[in-house]
Every structure is written in structure tokens, then in C-alpha cells.
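Residue-level structural notes
The chain contents come next:
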Amino acid sequence: MYWTEFLAVALIHLLAVASPGPDFAIVVRESVGHGRRAGIFSAIGVGCGIFIHVAYSLLGIGLIVSQSLVLFNALKWLAAGYLLYIGIKALRAKPASPSEAELNLDEGARSPRAAFVAGFVTNGLNPKATLFFLSLFTVVINPHTPLPVQAGYGVYLAVATALWFCMVAQLFSHQRVRAGFARMGHWFDRLMGTVLIGLGVKLAFTELR
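What you see is a predicted model, and the numbers here were worked out from it, not measured in a lab.

**Side note on the packing of helix α1 (residues 3-17) against helix α8 (residues 127-140)**
Axis separation between α1 and α8 bottoms out at 11 Å; the angle between their running directions is 160 degrees. Between α1 and α8, the crossing angle belongs to the class labelled roughly antiparallel. Where α1 crosses over α8, the handedness of that crossing is right-handed. Taking contact as the criterion, the partners of E5, A8, V9, I12, H13 and A16 in α1 are, on α8, F132, L136 and V140.

Structure below.
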């Protein structure tokens, strides 16, 4: 009965998740900088961050946020500040010696918890995700669709997002890929820092429409 609606949700989600943004940047940075385990845990964190958006969408809180400039701006500045913080940290990266560059390929340098939190916070504080899920749960998904079915959509979105970024982590944590990036050393960190700062600035100027 709800297959048509589910297919619409899945298609829109695929188009959204495939578009590079803060989630993609953080998973790539974790994967290249700290290895496959860190990349996968950050991907899982991004996926779990989806549950925040699904929860308030089901509770109707997303509608309140979308109508309140104060709440929306508070969320926006928190997210922008976080991206600027990790971006500036990356920009300050210093050249490593050859021995240190080899050590940086060690996957044990980053704790799973820290990687998970990085992905979770990046996704959970993204106000653009707030607007996306608000639109999804008010326009694409029929308000009369039973809550258990809507919750099922939410679980699908979280799992599909985590799986997508786990594939991204698998790609960018490949030893040859990491070795290639490692040769650029601190320049890669600075590049990712510039990307994250750019995303943070763009986010800061996001307007509620």
C-alpha cells in the first residue's frame, strides 16, 4: 500500500545523500586521516544523526524550528561553528616527517568513539538536514501515513545513509588511496580544512525560507 511513497522517499534520499556536503567531507577526512575503522564509525555516526531529524519530524518539532528564526539560527550557528572549528584545526596542520607520515597510516590513532561523535554531530547539527526532513515528512510522506510506517521510513533513511557513507569510507580508506593522500601530508588536511570552513560559512548564511 505504501510502496509508491517508500520509493519516492528512497529516490529523494539517494539524490540528497549523493550530493557532497559536510557529512561527505567528515567521512572522507576520518577515512584518509585515521583509517577504515575511523571512517566506518564516522559513517555510522552520520547515520545515527538521522534519527535526530526523524524524531523531531515525527513529533512535529521540526515544524516549530522551521517557523522560529531564533531556534533555526541557534541551530545554524552551532553547526557552522562546529564546522569552522574542525576546519581551522585542519588548516593548522603542520608538515610531518617521513616516519610520522607512516605512523599516520596506523588505524589505531583515532578512537571509534571520537570518530562516531564527529559524524553524529556533523549530521545532527546540520540545519539543511532539518529543512530536508521537514519537507520529506510534510510534503513527500502523507501526514495520514501511520506513525509506525513513518518510523520505518526513518529507520531505512538512517541505515541507508550509514551504508552509503560506509562505502565512501571503504573507498577512501584503501591503503593505496591513503598512501597517495599521505604523500601530500598536511596539504590534504589544509584542503579539507578549507572545504569544511567553506561549508561552515555557507551554512552560516543559510536563510530560513
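Moving on from the coordinates now.
**Regarding a nonpolar patch on the surface**
Residues F51, V155, V159 and L163 make up a contiguous nonpolar surface patch of roughly 350 Å² in combined accessible area. With three residues, helix α9 (residues 147-172) is the single largest residue contributor to the nonpolar patch. Among the secondary structure elements, V155 is positioned in helix α9. For V155, a relative accessible area of 41% corresponds to the partly exposed category.

**Some points on the confidence of the model for the protein chain**
The pLDDT averaged across the protein chain works out to 78; a share of 74% of its residues lies at or above 70. Here residues 98-103 is modelled with pLDDT under 50, and outside its nearest four sequence neighbours on either side it reaches one contact, counting other chains as well.

**Here we look at the environment of C48**
Structurally, C48 is set in helix α3 (residues 36-59). Judged by its relative accessible area of 26%, C48 is partly exposed. Expressed as a C-alpha distance, the spacing of C48 and A158, which sit 110 residues apart in the sequence, is 6.1 Å.

**So, the packing of α3 against helix α7 (residues 112-124)**
When two helices pack together, their arrangement is captured by the angle between the axes and the distance separating the axes. Packing of α3 against α7 leaves a shortest axis separation of 6 Å and a crossing angle of 40 degrees. Considering only the axes of α3 and α7, their crossing is right-handed. Contacts between α3 and α7 involve R37, A38, F41, S42, I44, G45, V46, C48, G49, I50, I52 and H53 from the former and P112, A115, F116, G119, F120, N123 and G124 from the latter. Here the residues of the contact of α3 with α7 are counted per class, giving eleven nonpolar, seven polar and one charged.

**So, the UniProt feature "transmembrane region" (unreviewed entry) in the protein chain**
The positions UniProt marks with the feature "transmembrane region" (unreviewed entry) are residues 6-28, 40-64, 70-88, 114-141 and 153-172. The span residues 6-28 carries 83% helix and 0% strand; its end-to-end C-alpha distance comes to 29 Å. Regarding residues 153-172, the helix share stands at 100% and the strand share at 0%, and the terminal C-alpha atoms are separated by 29 Å.

**Looking at the nonpolar core**
Core analysis: the biggest nonpolar cluster contains 13 residues, and V27, F165 and V168 have the highest contact counts within it. Listed by contribution, the elements that provide at least two residues to this core are α2 (22-34), α3 and α9. It is α9 that contributes the most residues to this core, five residues altogether. Here F165 is in contact with V17, D23, F24, V27, A43 and V46, once residues within four sequence places are set aside. Judged by nonpolar contacts, the second largest core, of eleven residues, contains A129, F133, Y153 and L157.

Definitions and cut-offs
Residues numbered from 1 in each chain as written. Predicted model: local features only at pLDDT ≥ 70, side-chain atom pairs only at ≥ 80, totals over all residues. Heavy atoms only, no water. Axes fitted to C-alpha atoms, helices over the stretch in contact; angles between N-to-C directions. Helix = DSSP H or I, 4+ residues; strand = E, 2+ residues; numbered from the N terminus. Parallel < 35°, antiparallel > 145°, perpendicular 65-115°, else oblique. Left-handed = near helix turned anticlockwise from the far one by under 90°. Contact = heavy atoms within 4.5 Å. Patch = residues over 30% accessible without salt bridge, like charges linked within 9 Å, V, L, I, M, F, W, Y side chains within 5 Å. Areas by Shrake-Rupley, 256 points an atom, 1.4 Å probe, with all protein chains shown as cover. Salt bridge = Lys/Arg side-chain N within 4 Å of Asp/Glu carboxyl O. Buried < 20%, exposed > 50% of the residue type's maximum accessible area, 1.4 Å probe, protein only. pLDDT = per-residue confidence, 0-100. Nonpolar A, V, L, I, M, F, W, Y, C, P; charged D, E, K, R; others polar. UniProt positions renumbered as here; feature names shortened; annotations may be inferred. Core = buried A, V, L, I, M, F, W, Y, C linked by side-chain atoms within 4.5 Å.

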